[in-house]
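Structural features, examined
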Amino acid sequence: QQQVKQSPQSLIVQKGGISIINCAYENTAFDYFPWYQQFPGKGPALLIAIRPDVSEKKEGRFTISFNKSAKQFSLHIMDSQPGDSATYFCAASTKAAGNKLTFGGGTRVLVKP
Amino acid sequence: NAGVTQTPKFRILKIGQSMTLQCTQDMNHNYMYWYRQDPGMGLKLIYYSVGAGITDKGEVPNGYNVSRSTTEDFPLRLELAAPSQTSVYFCAAGTGGPTEAFFGQGTRLTVV
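Residues numbered from 1 in each chain as written. Chains lettered and ligands numbered in written order. Predicted model: local features only at pLDDT ≥ 70, side-chain atom pairs only at ≥ 80, totals over all residues. Heavy atoms only, no water.

Brief notes about the layout of surface pockets
For clarity, the threshold we go by: Think of a 1 Å grid over just the protein atoms. A cavity is a set of points where a 1.4 Å probe fits yet cannot get out, a pocket is an open set with protein on both sides within 12 Å along at least five of seven lines, and lining residues have an atom within 4 Å of a point. Grid points are joined across faces, edges and corners, and a volume is the space filled by probe spheres set on the points. Helical segments are the DSSP runs of H or I of at least four residues, strand segments are the runs of E of at least two, and each set is numbered from the N terminus. Charged residues are taken to be Asp, Glu, Lys and Arg, nonpolar residues to be Ala, Val, Leu, Ile, Met, Phe, Trp, Tyr, Cys and Pro, and polar residues to be all remaining types, Gly included.
Taken as a whole, the largest pocket spans an internal volume of roughly 740 Å³. Lining the largest pocket are 32 residues; nearest its centre among them are Q38 and G41 of chain A together with Q37, V88 and R108 of chain B. Listing elements by their share of the lining of the largest pocket, those giving two or more residues are β9 (86–92) and β11 (107–112) of chain A together with β9 (87–94) and β11 (107–111) of chain B. Broken down by element, the residue count for the lining of the largest pocket peaks at four residues, all from β11 of chain B. Classifying every residue of the lining of the largest pocket by side-chain character gives eleven nonpolar, 16 polar and five charged. Taken as a whole, the second largest pocket encloses approximately 520 Å³ of empty space. Lining the second largest pocket are 28 residues, with Q3, L101, T102 and F103 of chain A together with E59 of chain B positioned closest to its centre.

Shown next, in the form of structure tokens:
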């Protein structure tokens with residue numbers, strides 16, 4: 001059973017455009033929602049994260065929007081740059097479960113110059 | 001600080017062979033995790049450890065074993081390699097709280 005569903009699988013955006021990636025979760029016990037960025041040949045690295053007591057978090061060009069009632073959260077990349085080309089994973093975890101991350105399937109983002 | 005270091009980076013195994021994927025961290029984090037990443041898929045948890053001497057199964061533990069004799073090291077053992085274990089394996093370390101988990105660079109394993 002896939003507990004975190006991510007869409008789209010891939011995304012092509014022009015430089016300067018907005019990239020939007022969506023995730024939906026099932027387990028209402030999740031209390032931490034990070035986004036990881038992965039470049040080819042590298043391990044995932046934390047990009048930004050949110051907890052369910054806030055509806056939005058912004059760090060530079062990256063924003064997480066969180067809708068607790070709909071059990072959905074999304075990543076917005078504003079003013080997308082070629083250097084943002086990577087695979088993005090949403091994830092969720094519960095502190096009660098040792099913060100074991102449950103990952104979405106990933107979105108491959110390509111930013112064209 | 002090196003963070004999380006995995007060795008080897010690449011390995012080709014024949015069916016039925018065994019090997020150990022090494023993982024070591026220098027951040028003194030209690031929690032360590034092993035994930036596998038199949039092409040086009042997210043990462044799935046194989047095993048995790050909440051501290052030295054304590055390990056537990058994740059979502060996909062079959063065919064693997066782990067040990068945690070020290071805080072720093074968390075090796076993953078494949079006893080009888082099968083083609084289904086062809087994957088990229090990532091080790092991670094964290095505090096166990098709702099904070100960042102730090103990943104190694106991965107081991108790409110091919111079983112033929």
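Overview of a nonpolar patch on the surface
To keep it simple, the criterion reads: Two distance rules govern patches: like charges are joined within 9 Å, and nonpolar side chains (Val, Leu, Ile, Met, Phe, Trp, Tyr) within 5 Å, applied only to residues with over 30% relative accessible area and no salt bridge. Here the open area of atoms and residues is found with the Shrake-Rupley method and a 1.4 Å probe, where only the protein chains shown may cover a residue. One speaks of a salt bridge when a side-chain nitrogen belonging to Lys or Arg is within 4 Å of a carboxyl oxygen belonging to Asp or Glu.
Taken together, the side chains of I18, I20 and M78 of chain A present a nonpolar region at the surface, about 240 Å² in accessible area. Among the secondary structure elements, I18 of chain A is positioned in the loop between β2 (10–14) and β3 (19–25).

Some points on unusual backbone geometry
Across the chain, the bulk of peptide bonds are trans and the bulk of non-glycine residues have phi less than zero. With an omega of -5 degrees, the peptide bond between S7 of chain A and P8 of chain A qualifies as cis. Relative to the helices and strands, P8 of chain A resides in the loop between β1 (4–7) and β2. Phi is positive for K71 of chain A, close to 55 degrees, though the residue is something other than glycine. Despite not being glycine, N28 of chain B has its phi angle at roughly 65 degrees, a positive value.

Description of the sheet that holds strand β8 (residues 72–77) of chain A
Residues and elements named next belong to chain A. The criterion, for reference: Two strands pair under a simple rule: DSSP has to find at least two bridges between them. Fitting a line to C-alpha atoms yields each axis, with helices limited to the stretch in contact; the angle taken between N-to-C directions then spans 0 to 180 degrees.
Here five strands make up an open sheet; going across it, the order is β1-β3-β8-β7-β6 and the pairing antiparallel. Edge strands, defined here as strands with exactly one partner in the open sheet, are β1 and β6 (56–59). Mean inter-strand twist for the sheet, computed between neighbouring axes without regard to direction, equals 15 degrees. Both β1 and β3 contribute to a ladder of four bridges, which runs antiparallel. Its bridge partner being in β3, K5 is matched across the sheet by A24.

Take it as geometry only, folks, not as evidence of what the structure does.
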